[in-house]
Amino acid sequence: MVKDAQLKQPVDGATVTTGTSTTKTSDAGVFTIEAKPGATITITHVGYAEKKWKVPAKPDELVEILMNSKDDPMEQVVVQSFKTVKKSTMTGASTVISGKDLQDRPVSNVMDLLQGRVAGLNIQNTTGSPGSMATINMRGVSTTNVSSSGNLTPTSPLFIIDGVPVDVNSNYQYGFESGGAGISPVSLIPPEDIESMEFLKDAATTSQYGSKATYGVIVITTKRGQSKVPIIQYSGSYFYTTPPKLRSVIGGQEERRIRLNTILNFDTASRQSSLEYINRSALLSDSLNPYWNNSTDWQSYFYRTTSNHQHNINVSGGDRRFNYKANLNYYNQQGIVVNTGFQRYGLNLVGNYMPSDRFFMSMSLTQQLGYKQNASGVGAYQTGIANTANTSSLYPPPSLFSNSEALASATTKNSGKLNNTTGSLNVQYEPIKGIRFTNLLTYNYSSNASDYFRSQYLAQDSAGLFSYNDRSYNLYNRSAVNFTKIVNDVHNFTAYAFNEITKEGYRAHMIYFNQPADDQIWGPIGNSFTRTAGGTYSNISEGRIHAYGGDFAYNFAEKYIIDLSYRLDNTSTNGPTRGYTKSPAVSGRWNFYKEKLFKNASWLNSGAIRASWGKNIKPNGTIFDVYGKYLNGPRYNNGQTVVIDFETLPNVEFAPEVAATTNIGLDLALFNKLNITADAYYKAIDNQLVESPLSNTNGFQRVALNAQSIVNRGIELAATLQLVQKDDFRWSVSANGAYNEATLAKLPSGTRSIIKYTTDANSSIPVINKLGTIPTTNLLYVNRGVYANTSDVPVNPATGLRLQYGSGQGLFFQAGDPIWVDVNGDYIIDDNDLVPVGNPTPKLTGGFNTQITYKGFTLNVNTSLFAYRDILNLVLANQFANYGKPTDITALIPINGYNYWQPANADRSSGTVGAIYPNPYDFRRASALGPFRANQTLFLENGTYFKLGSVVLAYNIDRNFLRNYGITSCRLSLSGNNLYNFTKYSGVNPEQVSTLGRDISGGYPLAKTYSFSVSIQF
C-alpha cells in the first residue's frame, strides 16, 4: 500500500513500475505487481517525489510504502510531444495541475478553476452565463480579427482530452455569436473526473501536435481504474449562486421631477416650446394616470438567487491485466438571470487490457449532453432582459397589458442543446524489446441545436420560430513506432516516427417560420408561409490534414538532454503550390546541479537550464479561399448556368498560419523548501489571415491573404514555498506571474495601419491595427476636462470663430462642453483628432495560492491578478447620456457622486471650475455634439484588479472511524467562488468586459457561489 508520508492517507493513481511491468495504485493506495526479491520498484505520482523501493527477500503480504510530497518539481511526470517524461528530463516549458486541486468547487466550466494557477495563462470570464466558456489565451493574444459581436476572435489553446484533439476555436460556442447553442464543449467535462491537466507552452512541448497547436496545448487526462476490489465513489455538491450588487436607480416622482427640470431649465428654445415638448410625452405629462405613475424596480424581476446541485458517481476496478472505469455525472445550475440555466449529463467508460508487457489496449467511450436556457440572449449578452431592466421606473410592472416585451424576455423559449460523442482505441505492441508500435484512433461527433420561440400573445399574434442546428465530426488516426535503448546505464536513446491523418467536417442549418397554428405546435409551416425561410449556412466546411514526422532524444545520465523533432503537414486549405509545411523543433536541457561543482551544495536540491526553438502551424481560412466558390447563375437557353462567386478572389498560394517560438527556462529547487521556474520567450506568428479589399476595377471584391504577423514576447515566473512541513501541520504558498507584450509586426501590402469600425452599446468606436504597437487598440478623442466658461474655448485667429465640432455644422464649443484635444490644430474636432489610446489586454497576469493542512482539515485560498489593462466604461457613458434624453423610457442612474459641470448664471456661459464630466442636461446639444460619446478618454479607466477567486475549507473524516460503517473515505467541504475584486475601476466588474476592453451594458453578470460538498468512497 502506498501512503502520503505526512497525511498517512492512501495515494491513488500512482504509477508503479519494475522496468518491465507497470501498474497503478487503486483509490485505496493498493497495488499488485510481479517482482523478484532484490528488484527495485519505482513509484511516481503527480505532486510527489519519485520513490524507489527495494523488494526484500521475504516481503510481507501487505507492505506500506510512504511517498513524500514533491519538493522538487523536476520529479514530476509530464507530457512532451506525445512522450511521457520526467520533469528532470523535460526540455520544454509546461505546467501540471493535479485533479485534486480542482475539487470541492462546483462550476459549469472547469477552466473557471484555473485562474491564477498557471503562469502565462490568461483566463477572463467575460460572461457569467452557465455553460459558456471564458476567453483563454496562453502567452498573449494572437489575433486582430473582430467578430460580429465586437470581440476578438478566439485564440484558445488546443485541448487534448484523453488523446482526442478538441479545437474550441473552430465552430466555437462562446455565446458571442448569434447561432448555436452557446455551450462550450469544455463545459461538458466534470472536474471530479479529471486526473491531471498539463499546459504545454513552447515549441518543444507542442511541435509534434503540429496542426492547431499554434496557441499552445492543454492536455486533460481523466481518471482510470486500478483496484482488484471494485471501488464506488460518490461526490455531490449543493450550491447557491447570488447576483452581484445591483445598481441604484432613481424611481417614481424623483425620476419625473429630474426629467421635467431638465426640459424646463436647460431647453434653449422658448418656454412654450418646452411645454409642448413635455405634453408630447405621456410619460411626463400624464402623471395622474396610474399607468405612468409607478416606481417599478425592474431589476428585481430579472435577477435572482438560485439553489443548484451536482452529482458524480465513479465505479472502477481491475488489476494490471485488465481494469475499467465508469463515470456518471449530472450538473444542474439555474442562472441568476431568470429563464436561464445549464444542465450537464455525462457518461465516461474506459477499459484497459494488458495481458502481457508487450501488448496494451485501451478503449474509451464518452457521451455528453449539455442543455442550456438562454432567455432573450445568446449567452454572453442578454440584450432583451438588459434593455427591459433598464426601463424607466415610471412604467408599470410587466404584464400582458403593459410592457409585454419585459414579460417576453422572461418567458421566451430560447434553448440550446449540445450532444457530444467521443470514442477512442489505443493499441500498443512491442514485438522486440525496445521497439513498440502504437496506433491511436479517435472519433468525435458533435451536434448543436437551438430553438427560439416567442408565443403569440407576447408577439401580437405574430409568433415565430427560429430553429438552428449544426453537426461536426473529427476522425483522427495516429500510427507510430517507438524505439528506446539504454547503453551502459548512462546513454539513453529514444526515437519515434509517426504518420497522422485527420478528417473533419462541419455544416449548419437554419429554418424560420412565422405564425404557427398555436404555441404548442411548432411547424411544419406557419400561416404566413411566404415568410418561411431556411437553408444551409455558407460556413460549411470539409477538411483533411495529413502529417508525418519523428523525434529523436539523447539523454546522458539525466545530466545533458537534447531533443530533435521534425513534422510535415499538408492541409486541404493549403494552396496547391504550397505542399507540406515544415515544423522543426530543437531543445536541450542541462541539469547543472549534477555537476561536481554542486555535489556538496546542500542548499541546491536541483537546478537546470532549458532552451528550445521550434514551429507550429494552424490551418487558415477555408477551401473556398484557395479555389473560389461557384454558384447557380442565370438561366441560359432554358438551362441552368454555374458562375464563379466574385466576392472572394481564389488564392492558390494560400498557406497555414505559422508560429515560431524561442524559449529559455530555469528550474530550481532550493533548501528543500523552495521551487522556482522561470521562462522567457519570443513568439512570432506569421501568415495570419487578412481579407484585403480589391480595387473596384477588379472583378472580385476581396482576396484572402497570408499578410499579417504578430509578435508576443514575455517572461514567466512561478514559485512554491513549503513554509511548514510537520506530520500534523503543513503550510505551503505558491505564486506565479507573467508579463507579455504583443506587437503588430506586419500588415498587408506594406500598409502602416488599418482602421476598423465596431459598434458597442449603440456607439461606433473605431479600432486601429498599427505597425510597431499593440495589435489592437481603440481610437479615441483625448479629453482634458470641461470648459468652465465659454471664454475658455480656443478661438481660431484666422476666422475669429471658436473651436467647432465638425466642418460646416456651426456647432461651436461653449461652457459645459468637453475639452477634446485638437490634435491637428485646425480648430475643428473631427475624425482627424482621434488617437490610439489604451491597451485592452492585460500585460501582467498572475496569482497567489496558499494551502494549510492541520490534521484532517485543509484550507485552500486562490487569488488572481490582472494588471496594465485599460477599460472603456460604456455603461457609465450611457448613464450620463440618458440624462440628455428626458422623454426616453430608459432608467436614470444617480450621478450626484460625480463631479459634473453645472451653470453659475442664467445664460449658462460660465459654471463649475474643474469639472470632470460635461453638462448632462443640455439635451438639445447632446444629440449633435455627443458630449458623452464612448470613444473618448473620459471613460477610459484603469482595469487592474486583484481577485479573491475561491476559499475552500475541507475535512477528511478519520478512516478508522469510517471503517465501522463500511466507508473507505469521506471528505466534507465548504467553499466560496468569485468572491471579491479589489480594484479602482468604477464599473460593476473589471473582468466582465469584451476582449476589446469595453464594458458593455447587456452582459451576463458573474455570480458568487457558495457550496457544500461531500465525497464518499466505498
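Our structure's up above, just so we're on the same page.
Residues numbered from 1 in each chain as written. Predicted model: local features only at pLDDT ≥ 70, side-chain atom pairs only at ≥ 80, totals over all residues. Heavy atoms only, no water.

## Section: the packing of helix 2 (residues 252–266) against helix 3 (residues 271–279)
Where helix 2 contacts helix 3, the two axes come as close as 9 Å, and the packing angle between them is 155°. As far as their axial angle goes, helix 3 and helix 2 are roughly antiparallel. Our pair here, helix 2 against helix 3, has a crossing hand that is right-handed. Two secondary-structure elements touch here, helix 2 through Leu260, Ile263 and Leu264 and helix 3 through Arg271, Ser274, Leu275, Tyr277 and Ile278. Here the contact of helix 2 with helix 3 is built from residues that sort into 6 nonpolar, 1 polar and 1 charged. (Axes fitted to C-alpha atoms, helices over the stretch in contact; angles between N-to-C directions. Helix = DSSP H or I, 4+ residues; strand = E, 2+ residues; numbered from the N terminus. Parallel < 35°, antiparallel > 145°, perpendicular 65-115°, else oblique. Left-handed = near helix turned anticlockwise from the far one by under 90°. Contact = heavy atoms within 4.5 Å. Nonpolar A, V, L, I, M, F, W, Y, C, P; charged D, E, K, R; others polar.)

## Regarding the pattern of salt bridges
Applying the stated criterion to the full structure yields 24 salt bridges. The salt bridge partner of Asp267 is Arg924, with a shortest N-O separation of 2.7 Å. Of this pair, Asp267 sits in the loop between helix 2 and helix 3 while Arg924 is found in helix 10 (residues 923–929), placing the two residues 657 residues apart along the sequence. Residue classification places Asp267 among the buried residues on the basis of a relative accessible area of 8%. Note that Glu653 and Arg578 form a salt bridge whose closest N and O atoms lie 4.0 Å from each other. Residue Glu653 is located in the loop between strand 32 (648–649) and strand 33 (657–670), and its partner Arg578 is located in the loop between strand 27 (560–571) and strand 28 (581–590); the two are separated by 75 residues in the primary sequence. Relative accessible area serves as the criterion here: at 39%, Glu653 is assigned to the partly exposed category. When its relative accessible area of 40% is taken as the criterion, Arg578 is described as partly exposed. (Salt bridge = Lys/Arg side-chain N within 4 Å of Asp/Glu carboxyl O. Buried < 20%, exposed > 50% of the residue type's maximum accessible area, 1.4 Å probe, protein only.)

## Thoughts on unusual backbone geometry
For Ala557, which is not a glycine, the phi torsion comes out positive at approximately 55°. Classification of Ala557 as partly exposed rests on a relative accessible area of 29%. One non-glycine residue, Tyr868, lies in positive phi territory at about 60°. A relative accessible area of 54% places Tyr868 in the exposed class.

## Considerations on the sheet that holds strand 2 (residues 15–17)
Taking strand neighbours across the sheet as the criterion, the 4 strands line up as 3-2-4-5 in an open arrangement whose pairing is antiparallel. Sheet topology places strand 3 (22–24) and strand 5 (51–54) at the edges, where each strand pairs with a single neighbour. The average undirected angle you get between the axes of adjacent strands in this sheet is 25°. Here strand 2 runs beside strand 3; their pairing, made up of 3 bridges, is antiparallel. (Pairing = 2+ DSSP bridges.)

## Let's talk about a nonpolar patch on the surface
Where nonpolar side chains cluster on the molecular surface, the patch consists of Ile232, Ile313, Leu328, Leu347, Leu349, Leu365 and Phe1018 and spans about 590 Å² of accessible area. Mapped onto the elements, Ile232 comes out in strand 16 (residues 231–242). Owing to a relative accessible area of 41%, Ile232 belongs among the partly exposed residues under this scheme. (Patch = residues over 30% accessible without salt bridge, like charges linked within 9 Å, V, L, I, M, F, W, Y side chains within 5 Å. Areas by Shrake-Rupley, 256 points an atom, 1.4 Å probe, with all protein chains shown as cover.)

## Regarding the sheet that holds strand 41 (residues 804–805)
With mixed pairing, 3 strands are arranged side by side in an open sheet as 42-41-44. The open sheet has two free edges, formed respectively by strand 42 (811–812) and strand 44 (828–829), since each of these has just one partner strand. Here 2 bridges tie strand 41 to strand 44, and the two strands are oriented parallel to one another. Paired with Tyr805 across the two strands is Ile829, which belongs to strand 44.

## Focus: the environment of Asn905
Note that Asn905 resides in the loop between helix 9 (874–881) and helix 10. Among the polar contacts made by the side chain of Asn905, one reaches the main-chain amide nitrogen of Arg908 at a distance of 2.9 Å. (Polar contact = N/O pair within 3.5 Å; in protein donor to acceptor, adjacent residues only side chain to side chain.)

## Here's the deal with helix 3
Among the residues of helix 3, Ser274, Tyr277 and Ile278 are the ones counted as buried. Along the long axis of helix 3, the arc covered by the buried residues comes to 95°, so they all point the same way. Against helix 2, helix 4 (282–285) and helix 10 lie the buried residues of helix 3. (Arc of directions from axis to C-beta.)

## Comments concerning the packing of aromatic side chains
Summed over all chains, the structure comprises 36 aromatic pairs. Ring centres 4.9 Å apart and planes at 25° place the aromatic pair Phe866 and Tyr945 in the stacked group. Taken together, the positions of Phe866 in strand 47 (residues 857–867) and Tyr945 in strand 50 (residues 945–956) put the pair 79 residues apart, joining distant regions of the chain. According to the relative accessible area criterion, Phe866 is buried, its value standing at 3%. The class of Tyr945 is buried, set by a relative accessible area of 1%. Members of the aromatic cluster, connected to one another through ring pairs, are Tyr781, Tyr787, Tyr805, Phe813 and Trp820. The residue whose ring lies beneath Arg478 is Phe498, and the NZ or CZ to ring-centre distance is 4.0 Å. Above the face of the Phe624 ring, Lys629 is positioned so that its terminal group lies 5.2 Å from the ring centre. (Phe/Tyr/Trp six-rings, centres within 6.5 Å; stacked < 30°, edge-to-face > 60°. Lys NZ or Arg CZ within 6 Å of the ring centre and 35° of its normal.)

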